[in-house]
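# Analysis of the macromolecular model
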Amino acid sequence: MRIFLSLVVLAVIAVGIGKTLMEIPFGEDTTNVGGYYIQSGRDDTGAANIVTSVVVGYRAFDTLGEVTVLFVAAVGLGAVLAVGSASGRRRDVEPASLVLYTGCRFLFPLILLFGAYIFIHGHLTPGGGFQGGAIVASAFLLVYLGCRGRRIRHGWSKATESLGGLVFVGLGLLGLTAAGHFFLSNYLPKGTVNHLFSAGIIPIIYVAIGFKVGAELAGVIDDLVEESE
Amino acid sequence: MSFLESYAYYVGAFGLILIGLLVILVKRNLIKIIIGLSILDTGVNLFLISVGYLASGTAPIFSREGIDSGSMVDPVPQALVLTAIVIGVAVLALALGLAVRLYQNYGTLDMRKIKELKW
Amino acid sequence: MVSPVLLIAVPLGLAFLVPLISLVSRRAAMLVPVVACLFNLVVAITLMPGVLDQPVVEKIGGFPPPFCINLYAGPVGVLFAALIALAGLGIAVYAMAYIRTGPVDRYHLLYLLLLVGATGVVLTGDVFNLFVFFEILCISSYALVAYMGNKSGLEASVKYLIQGAVGSGLLLMGIGLLYGQFGTLNMADIANRMGSVNQVSVFVPLALIISGLGVEAAIFPLNAWLPDAHSSAPSSISAILSGIAIEVGLYAMVRMIFTVFGATSILMFMVFLGALTLLLGELCAFAQSNVKRMLAYSSIGQIGLILFALAMATSYSVAGGLFQLLSHTLSKALLFLAAGYMIYRSGSMEISSLHGMGKRMPLTSLAFTIGAFSLVGLPPFVGFPSKFLIVRAALARQQSIFTILLGFVLLGTLIEGAYFFRVVQAIYFKKGSGETGRSYAPAVALVSMFIFAALIIFVGIYPQPVADAVGSAATELLDRAEYVRSVLQ
């Protein structure tokens, strides 16, 4: 009965959406804002990667909100798991085999380096702060799996999170005082397109986001690991 | 079959969305419901990306000189999907955390048995 | 010249500062929301006279709309921002005393982020940006409902999260369909192009967006989560959820219907839905024996009343609806805050356990009574002028259908009066069993309740300044062409 009712509801939704989709031609150029970004994104923001110029330039406010969403989730997860849980019941875990342990220790700095490369070059190549941050967090995940018993220090991860967010908001607020008086306006020199030191505040914001996302996701992993031990 | 050919991506994306909704409506295990939410999110993200699709288009990156800007796909949906993925991850992390705590308190993840409150 | 973006950026910056502060002192974190709300209140009041003449369009990043995300600080946005800061301030002060257990710094941080999300939703002029801020609001409220870590809180939070996440999925789908058709995400730009497409094809995005936002706004078929979440959360969180979160959801919905879609054809449906939500909410509230569940169902009823007024879409009725929204925020926040300490004292949420509370906690009981009377709509409290405006607006439509619906609305108000008087009677005129010693809530909590009670009485006696502000807010909501012009000029 329940399944039948659900199917009926879904069928209604499917028909409705199908009708609307006919109005959106697939695979054709229908955009008007997107076209403008492609045309003038390089000149406006100085980033060779137009997706980056949208994410950290034209729609940077969304990205600020997005960073905040992740922050909310990390803090909320910590709050949910912290209250009333029996803390201090940590049992000794069996250490991983020597091969695994050595492999993880070998890979850990390389993965960090790769993550850093991704977020530093966000304005030139595919990638950026979120992707780089996720790679950095995966390095920490590897350590949790391979070198059991090792933990990140909460003080440091919290401070990184905080500073990353503060740099983002601070750079934005500086824009209010700089030329143009707009929040998050790109007031630094834009340099030459396709060079590492170009695109004004975009690389700085992406580095801040990379650190912040890396610290937050590592913190989320840490919270969940702690709970399941 | 011209409909399926020209709308294949939309059909796939909305297929995932409908599967996700069905799982959420029908399943009783919290983990399965969360999996349903995740499928729903994936479907929405795929749909957003396929809105910006351009037949035989390239990535919107001026990585070298002489790239034709006319054949680039729309960058906006890609930016939106980046945001939507992060939001999906946030919800997922919180949902899993709540599931862990719920299991500690009730000893089950079956939503039929978790009925302290009246609906 | 104060920029409206400060209303979002500065509290957000303070929120990012909290983990650093709490490394030094955990207790200091609880002052941060108070500071942020005070700052926002000052900024909103400074902006208010200017935006009543001319709305401020803040272009973020400095690109011309529709290519940037813009904030639209019109009378509605600034009025809401001021209300959020005011209610947020009162409840933050209360929570300094009320929240004692658990990771206190995280509570205050999440609370501040919830307010940032709400402020962002009311100020933004971009549909996707609205979605992002809406998610900040929702995710922080999921976590806060579960804050106590008890069984019912966790269960309510999970139910809320599942329904909320499905709602966000629908909302995002609707936004995706809009982008596919219009190639833009700016509200004014979409509104401008709305006439150029087939009306049938925008109906599905409209339906998806309304149902997505309707989950958070607790419109009738989508509100199953509300009674659980609002009754299981800590009382300060119930106050902010009932007072701010669902109102912001309703605002987003109304903004979509009026400004973005200009969908006059579904307004009649929304009027019916509002009246239905009102009646069902009040009837369920009447049947409750648990005081917090009763207040939660009463919130559903009030949201129905506000929707009823807003969807009538005359300048009087929209003004009345916004006024009612303001008065509901103040009254319901006061009710939950007072109920919080009465429950703390009696140790039970049952109405029967409140017997004789008038002698045991005189000041808190008085606060509860003021809130209840104001919500029912008795003079001289703020609920009276707002309900009066709605009744007058419904009569001014001079159509029999509105008169009949108004009859149902008044019936709902009557039921509301009945159950609130029952509680007030239990508090003052029933003999309590057991201890009769007199006690008071902590001074900080009493100060916060006093602020709300004073505002309720003050605005109730001098409604004119607020009525003027909601009047021009109503003009802004209804005047779609002016909105488009001032953004895209």
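Residues numbered from 1 in each chain as written. Chains lettered and ligands numbered in written order. Predicted model: local features only at pLDDT ≥ 70, side-chain atom pairs only at ≥ 80, totals over all residues. Heavy atoms only, no water.

### Considering the overall build of chain B
Keep this limit in mind: The numbering of helices and of strands both runs from the N terminus, where a helix is a DSSP run of H or I of at least 4 residues and a strand a run of E of at least 2. Radius of gyration: C-alpha atoms only; globule rule: 2.2 Å multiplied by the number of residues to the exponent 0.38. Summary of the burial criterion: residues with accessible area below 20% of their type's maximum are buried, those above 50% are exposed, and those between are partly exposed, where the area comes from a 1.4 Å probe applied to protein chains only. Contacts are residue-level and defined by heavy atoms, with any inter-residue pair within 4.5 Å sufficient. Where accessible areas are quoted, they stem from the Shrake-Rupley method and a 1.4 Å probe; at the residue level, only the protein chains shown are allowed to cover.
When helices and strands are counted, chain B shows 3 helices and 0 strands. Counted from the first residue to the last, chain B has its helices and strands arranged as α-α-α. Relative to the compact-globule value of 14 Å for 119 residues, chain B shows a C-alpha radius of gyration of 20 Å, a clear excess of over 25%. If you line up chain B on its principal axes, its C-alpha atoms span 65 × 35 × 20 Å. Across the 119 residues in chain B, those meeting the buried criterion constitute 50%. Long-range pairs, those at least 24 residues apart, make up 51% of the contacts in chain B with a sequence separation of at least 6. Counting every atom, chain B has about 5,400 Å² of accessible surface; 63% of that belongs to carbon and sulfur.

### Observations concerning the environment of C:Met253
All names here are of chain C. Relative to the helices and strands, Met-253 is located in helix α10 (residues 235-261). Linking Met-253 and Gly-214, residues 39 residues apart in sequence, is a C-alpha distance of 7.2 Å. Once you skip the residues sitting within four places of it in the chain, Met-253 turns out to touch Ile-210, Leu-213, Gly-214, Ala-217, Ile-219, Met-270 and Leu-307.

### What about the interface of chain C and chain A?
How large an interface is tends to be reported as the accessible area lost when its parts come together. Selection criterion: Note: buried area is the sum, over both parts, of the accessible area (probe 1.4 Å) each one loses when the two are combined. By definition here, a salt bridge exists when the distance from a side-chain nitrogen of Lys or Arg to a carboxyl oxygen of Asp or Glu is within 4 Å.
Residue-level contacts link 61 residues of chain C with 52 residues of chain A. Where chain C abuts chain A, roughly 4,600 Å² becomes buried across the two surfaces, and 76% of that area is made up of carbon and sulfur atoms. Together, C:Phe16, C:Phe67 and C:Arg106 form the three largest contributors to the area buried by chain C at its contact with chain A, with a combined 17%. Joining chain C to chain A, the criterion identifies 1 salt bridge. For the salt bridge of A:Arg59 with C:Asp126, the shortest nitrogen-to-oxygen distance reads 2.7 Å. Mapped onto the side of chain C that touches chain A, the elements with two or more residues apiece are α1 (6-24), β1 (56-59), α4 (104-123), α5 (127-145), α6 (151-182) and α8 (199-217) of chain C. Element by element, the count of residues in the side of chain C that touches chain A is highest for α1(C), at 12 residues.

### Here we look at the side chain of C:Ser448
Residue position: C:Ser448 is located in helix α18 (residues 443-461). Not counting the four nearest positions on each side in its chain, C:Ser448 is found in contact with C:Gly90, C:Val93, C:Tyr94 and C:Leu337.

### Quick word on the nonpolar core
The nonpolar side chains of a soluble globular protein tend to be buried, and buried together. Counted only if it meets this: As used here, the term nonpolar core means buried Ala, Val, Leu, Ile, Met, Phe, Trp, Tyr and Cys residues forming a set that is joined through side-chain atoms within 4.5 Å.
Of all hydrophobic cores here, the largest spans 297 residues; its most connected members are A:Phe61, C:Phe261 and C:Met449. With 19 residues, helix α3 (residues 75-98) of chain C is the single largest residue contributor to this core. Setting aside anything within four residues of it in sequence, one finds C:Met449 in contact with C:Tyr94, C:Leu334, C:Leu337, C:Ala338, C:Tyr341, C:Thr364, C:Ala367 and C:Ala441. The next biggest cluster of nonpolar side chains, apart from the first, holds 5 residues, and it includes A:Ala74, A:Leu77, A:Leu81 and A:Val220.

### A closer look at a nonpolar patch on the surface
Residues and elements named next belong to chain A. Just so we agree on the cut-off: Residues form patches when they are more than 30% accessible in relative terms and have no salt bridge. Like charges link within 9 Å. Nonpolar side chains (Val, Leu, Ile, Met, Phe, Trp, Tyr) link within 5 Å.
On the surface, Met-1, Phe-4, Leu-5, Val-8 and Val-12 cluster together to form a nonpolar patch covering roughly 560 Å² of accessible area. Turning to its location among the elements, Leu-5 is positioned in helix α1 (residues 2-21). Residue class for Leu-5 comes out partly exposed when judged on its relative accessible area of 48%.

### Some points on the packing of aromatic side chains
In plain terms, the rule: Stacked, tilted and edge-to-face are the three classes applied to pairs of Phe, Tyr and Trp rings, where Trp contributes its six-membered ring and a pair requires centres within 6.5 Å; stacked means planes under 30 degrees apart, edge-to-face means over 60, and tilted covers the rest. Counting as a charge over the ring demands two things of the Lys NZ or Arg CZ atom: a distance within 6 Å of the ring centre and an angle within 35 degrees of the ring normal.
All told, the structure shown has 28 aromatic pairs over all chains when counted by the stated rule. Ring-pair connections join several aromatic residues into one group, and the members of that group are A:Tyr36, A:Tyr37, A:Tyr58, C:Phe63 and C:Phe67. The ring of C:Tyr316 carries C:Arg392 above its face, with NZ or CZ at 4.5 Å from the centroid. The ring of C:Phe286 is capped by C:Arg422, whose NZ or CZ atom sits 5.4 Å from the centre of that ring.

### Quick word on the packing of α10(C) against helix α12 (residues 291-311) of chain C
Residues and elements named next belong to chain C. Our working rule: Throughout, an axis means a line fitted to C-alpha atoms (over the contacting stretch in the case of helices), and angles, computed between N-to-C directions, take values from 0 to 180 degrees. Comment on the angle field: the value is read as roughly parallel under 35 degrees, roughly antiparallel over 145, roughly perpendicular from 65 to 115, and oblique elsewhere. Crossing chirality is assigned from the near helix's rotation relative to the far helix, an anticlockwise turn below a right angle marking it left-handed and a clockwise turn marking it right-handed.
Two elements in contact, α10 and α12, have axes separated by 11 Å at closest approach and are oriented at 20°. Regarding the angle of α10 to α12, the classification is roughly parallel. For the pair α10 and α12, the sense of crossing is right-handed. When α10 is examined against α12, the residues Ser-235, Ser-238, Ser-242, Ile-246, Glu-247, Leu-250, Met-253, Val-254 and Phe-258 are found in contact with a partner set consisting of Lys-292, Ser-299, Ile-303, Ile-306, Leu-307 and Leu-310.

### Notes on unusual backbone geometry
All names here are of chain C. Cis geometry marks the peptide bond from Pro-65 to Pro-66; its omega dihedral reads 5°. Position of Pro-66 among the secondary structure elements: in the loop between β1 and β2 (70-73). Here Ala-218, not a glycine, exhibits a phi torsion of approximately 60°, which is positive. Here Ala-218 is to be found in the loop between α8 and α9 (225-232).

### Details of the environment of C:Tyr98
Residues and elements named next belong to chain C. Stated precisely, the cut-off is as follows: The definition of a polar contact used here is a pair of N or O atoms within 3.5 Å, where within protein one atom must be able to donate a hydrogen and the other to accept one, and adjacent residues in sequence count solely through side-chain atom pairs.
Here Tyr-98 is to be found in helix α3. C-alpha separation for the pair Tyr-98 and Ser-235, spaced 137 residues apart in sequence, amounts to 8.6 Å. At 3.4 Å, the side chain of Tyr-98 and the side chain of Ser-235 are in polar contact.

### Examining the interface of chain C and chain B
The test is simple: Charged means Asp, Glu, Lys or Arg here, nonpolar means Ala, Val, Leu, Ile, Met, Phe, Trp, Tyr, Cys or Pro, and polar covers whatever is left, Gly included.
Counting residues at the interface gives 36 residues for chain C and 35 residues for chain B. Taken over both partners, the interface formed by chain C and chain B buries close to 3,100 Å², and the fraction arising from carbon and sulfur atoms is 80%. When the buried surface of chain C facing chain B is broken down by residue, C:Lys151, C:Glu155 and C:Tyr179 rank first, second and third, together holding 19% of it. Remark: the boundary between chain C and chain B carries 0 salt bridges. The interface formed by chain C and chain B includes 3 residue pairs in polar contact (both at pLDDT 80 or more). When contributions to the side of chain C that touches chain B are tallied by element, the ones reaching two or more residues are α5, α6, α9 and α12 of chain C. The element best represented in the side of chain C that touches chain B is α6(C), accounting for 20 residues. Here the side of chain C that touches chain B is built from residues that sort into 21 nonpolar, 9 polar and 6 charged.

### Structural notes on the pattern of salt bridges
Residue and element names in this part refer to chain C. On inspection of all chains with the given rule, the structure shows 10 salt bridges over all chains. Measuring nitrogen to oxygen at the nearest pair gives 3.3 Å for the salt bridge that ties Arg-193 to Asp-189. Pair noted here: Arg-193 and Asp-189 are both in helix α7 (residues 187-193), with a separation of 4 residues, about one helical turn. Asp-228 serves as the salt-bridge partner of Arg-293, at 3.2 Å between the closest nitrogen and oxygen.

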